[in-house]
Amino acid sequence: VKKEGKGGYRFCSDDQNRSSAERVRLETRLRKAVQNEEFQLFYQPKTDLASGQIKGMEALLRWPQPDGSMVPPDEFIPLTEDTGLINPLGYWIVRQAFLDTNRINKLTEFPLQVAINLSVRQFRNPELVIMVSDLIRETGINPEWVEFEITESMLIEKVDEACEVMKGLRKLGVELAIDDFGTGYSSLSYLRHFPVNTLKIDQTFIRDLSSDESSESIVRAIIGLGHGLGLKIVAEGIETQVQSDFLKSTGCQLGQGYYMSRPLPLKDFIKLL
Ligand code: C2E
Ligand code: CA
Ligand code: CA
Ligand code: CA
């Protein structure tokens, strides 16, 4: 029997019961983890494909567990989005990435740029620009060292609002990248209107480079388009020398992937420099 509404109750199948109980448990643990700042940022180098030089790094969130394992972000970011926990967590991420980048750039000859992922709800938070502005002031970071990564799907709805947020961020001096480029539904014409600096070619195209000729054409087309619009291009998910060589030959300047390095804890990333 299933009765809903005022004073009623809901009947759940075992499966639904279990998954919602698990969800509640996970949410409770996440809430505590956010309060206690139990998270860690890993850094994956962004490399100049021609010279092999490290030019920057992407901050990637990890949740360390008591048994030493790490929960990958795909497994809990969606829940932090649904519950609003992404807002305090997102604040911690941006602040920590700024502090770490200041530390990294004390050790390098040329400053490295940090790429920070923003989720939909963070991007739609009306306080985002103020938060970033406050954190720039608090940490003293040079905003040119910062790039925020957003996905195409964040740009298809409420185009004008999205554009305003992007302009607000650019005014602070930070840069913007479109992540997972090529997987969204949006038309390419929007690229002319949005103030973005970088396109990150989605890793599925890089993965399929050797097995699928259409991926090769798509990658060439994205690089051509990006360069035509004066944008930087980053290829991500590079796992082999063959992929790296192909990308170099197409004129793609920057790359990220296990072939160069996995994402690393800050202290290990610093050892690479
Ligand atoms: P993403 O932004 O597309 O990040 C790239 C993902 O590919 C990362 O997974 C990275 O570890 C992985 N990767 C890098 N090189 C290779 C490679 O050569 N081969 C393969 N197979 N994978 C590679 P990760 O760290 O598990 O992150 C997954 C997603 O979670 C990210 O996708 C991003 O959407 C989200 N995420 C990660 N950190 C944050 C964060 O701080 N804030 C927000 N809002 N989202 C985050
Ligand atoms: Ca990313
Ligand atoms: Ca990506
Ligand atoms: Ca992704």
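You'll find the structure just up there.
All of these numbers come straight from a predicted model, not from anything done at the bench.

Colleague: Can you help me understand the coordination of the calcium ion (ligand 3) in this one?
Modeller: Perfect tetrahedral coordination of a metal by four donors corresponds to 109.5 degrees between them, and perfect octahedral coordination by six donors corresponds to 90 or 180 degrees. Asp179 (OD), Asp180 (OD), Glu236 (OE) and Glu236 (OE) make up the full set of protein donors to the calcium ion (ligand 3), lying at 1.9 to 3.0 Å. For the calcium ion (ligand 3), the donor residues sit on a single chain with the sequence spacing D-D-x55-E. The metal-metal distance between the calcium ion (ligand 3) and the calcium ion (ligand 2) is 4.0 Å, with Asp179 coordinating both. Here Asp179 falls in the buried class, since its relative accessible area comes to 7%.

Colleague: When you look at the nonpolar core in this model, what are you seeing that I'm missing?
Modeller: In a soluble, globular protein the nonpolar side chains are often hidden away together inside. Ranked by size, the top nonpolar core spans 71 residues in total, and within it Phe39, Phe98, Phe123, Phe148 and Leu247 carry the most contacts. With seven residues, helix H3 (residues 86-105) is the single largest residue contributor to this core. Apart from residues lying up to four places away in sequence, Leu247 is in contact with Leu49, Ile206, Leu209, Val219, Ile223, Ala235, Ile238 and Cys252.

Colleague: Which parts of the structure should I look at to understand the environment of Glu147?
Modeller: One can find Glu147 in strand S5 (residues 146-151). Judged by relative accessible area, which is 1%, Glu147 ranks as buried. C-alpha separation for the pair Glu147 and Phe98, spaced 49 residues apart in sequence, amounts to 11 Å. Here Glu147 is in contact with Lys46, Gln113, Val114, Ala115, Ile116, Glu175, Leu176, Ala177, Thr198 and Lys232, once residues within four sequence places are set aside. A distance of 2.7 Å separates the side chain of Glu147 from the side chain of Thr198, its partner in a polar contact.

Colleague: Before we go on, may I ask you to explain helix H7 (residues 159-171) in this structure?
Modeller: Structurally, the α-helix is built with 3.6 residues per turn, so residues lying three or four positions apart point the same way. For H7, spanning 13 residues, the distance from its first C-alpha to its last is 18 Å, which sits close to the expected 18 Å at 1.5 Å a residue. Burial in H7 covers these residues: Ala162, Cys163, Val165, Met166, Gly168 and Leu169. Elements that come into contact with the buried residues of H7 comprise helix H4 (120-124), helix H5 (128-139), S5, helix H6 (153-156), strand S6 (175-181) and helix H8 (190-193). With its phi angle positive at about 105 degrees, Gly173 sits one or two positions after the end of H7.

Conventions we followed
Residues numbered from 1 in each chain as written. Chains lettered and ligands numbered in written order. Predicted model: local features only at pLDDT ≥ 70, side-chain atom pairs only at ≥ 80, totals over all residues. Heavy atoms only, no water. Donors = N, O, S within 2.8 Å, 3.2 Å for Na, K, Ca; no water. Buried < 20%, exposed > 50% of the residue type's maximum accessible area, 1.4 Å probe, protein only. Core = buried A, V, L, I, M, F, W, Y, C linked by side-chain atoms within 4.5 Å. Helix = DSSP H or I, 4+ residues; strand = E, 2+ residues; numbered from the N terminus. Contact = heavy atoms within 4.5 Å. Polar contact = N/O pair within 3.5 Å; in protein donor to acceptor, adjacent residues only side chain to side chain. Expected span 1.5 Å × (residues − 1).

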